[in-house]
Amino acid sequence: MNGQEGQYWYAVYVRSRFEKKVHQFFLEKGITSYLPLVETWRQWSDRKKKVSLPLFKGYVFVKIAYKSDHYRVLDTDGVVKFVGIRNVPSVIIDRDIEWIKILAGEPDALKDVFQGMPCGQKVKVITGPFLGLEGVVRKEGRGAKLVVYFDSIMQGIEVLINPEFLQPIQNH
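Residues numbered from 1 in each chain as written. Predicted model: local features only at pLDDT ≥ 70, side-chain atom pairs only at ≥ 80, totals over all residues. Heavy atoms only, no water.

S.K.: Run through the overall build of the chain, naming residues and quoting values.
M.R.: The secondary structure content of the chain amounts to three helices and 14 strands. Expressed as a percentage of the 172 residues in the chain, the buried residues total 40%. (Helix = DSSP H or I, 4+ residues; strand = E, 2+ residues; numbered from the N terminus. Buried < 20%, exposed > 50% of the residue type's maximum accessible area, 1.4 Å probe, protein only.)

Spelled out as structure tokens, the structure:
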């Protein structure tokens, strides 16, 4: 674990529109923090601008030793609480954080719609940047989207992907 023994990822719920500020506060405190951002274009009446928006509104991820560091996290301006069940923070496995980083790094996947898999089908990605990712196909309009759900933070992300990259997972 290379000096990070006992450190795990947690999701922290923050005040509305405070994600970037809280992320910066964590970095200034020396807390390992991750804020997945996706670049998108926003249109105003007088201009169009490329902006970076949080992939999960209201969430910032921290990697800490919970017992010794959770008060430093909660004592950060803009932090509301740790995300969890019945006041027990949910540990987020490293693999989920890696998938979130991959998803945030592929913003074009959020723009193209492909058809092909039936709604509700559990699938695994067999090629491309999302290789190994598992999810459920969600039908929306004329296209199909793969929904990847992260149980630890109770959030899902829709990924638009060519159905040729998907392989059905059989229920046992």
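There's more to say after this.
S.K.: Quick one: what's the story with the side chain of E19, residue by residue and with numbers?
M.R.: By secondary structure assignment, the location of E19 is in helix 1 (residues 19–29). In this structure E19 is buried but unpaired, with R17 as the nearest side chain of opposite charge at 7.5 Å. (Lys, Arg positive; Asp, Glu negative; His and termini not counted. Salt bridge = Lys/Arg side-chain N within 4 Å of Asp/Glu carboxyl O.)

S.K.: Account for helix 3 (residues 94–104), naming residues and giving values.
M.R.: Two residues of an α-helix separated by three or four positions point the same way, owing to the 3.6 residues in each turn. Every buried residue of helix 3 is accounted for by D96, I97, W99, I100, L103 and A104. Each buried residue of helix 3 lies within a common arc of 160° when the element is viewed along its axis, so the set occupies one face. (Arc of directions from axis to C-beta.)

S.K.: Explain the environment of T40 to me, using residue names and the numbers behind them.
M.R.: With respect to the secondary-structure elements, T40 resides in strand 3 (residues 37–43). Overall, T40 belongs to the partly exposed group, its relative accessible area being 28%. Separated by 13 residues in the primary sequence, T40 and L53 place their C-alpha atoms 7.3 Å from one another. Look past the residues within four positions of T40 in its chain and what remains in contact with it is K49, K50, V51 and L53. (Contact = heavy atoms within 4.5 Å.)

S.K.: Give a detailed account of the packing of aromatic side chains, specifying residues and quantitative values.
M.R.: In the structure shown here, the tally under the stated rule is six aromatic pairs. Aromatic pair Y10 and F82: ring centres 5.9 Å apart, planes at 85°, arrangement edge-to-face. On the criterion of sequence distance, the pair formed by Y10 in strand 1 (residues 8–14) and F82 in strand 6 (residues 79–82) is long-range, its members being 72 residues apart. Just as Y10 is buried, F82 falls in that class too. Ring geometry for Y13 and Y59: centres 5.8 Å apart, planes at 70°, overall edge-to-face. Of this pair, Y13 sits in strand 1 while Y59 sits in strand 5 (residues 59–64), and the two are 46 residues apart along the sequence. Looking at Y13, the relative accessible area reads 34%, which means it is partly exposed. (Phe/Tyr/Trp six-rings, centres within 6.5 Å; stacked < 30°, edge-to-face > 60°.)

S.K.: Can you lay out helix 2 (residues 66–74) for me, pointing to particular residues and giving the numbers?
M.R.: Among the residues of helix 2, those classed as buried are D69, H70 and V73. Around the axis of helix 2, the buried residues are gathered within 120° of arc, so they sit on the same side. Opposite its buried face, helix 2 presents the exposed residues K67, S68 and Y71, each directed more than 90 degrees away. Buried residues in helix 2 make contact with strand 1, helix 1, strand 5 and strand 6.

S.K.: Go over the environment of L146 with me, naming the residues and quoting the values.
M.R.: Summarising the element assignment, L146 is placed in strand 12 (residues 143–150). For L146 and I157, which are eleven residues apart along the polypeptide, the C-alpha to C-alpha distance reads 8.2 Å.

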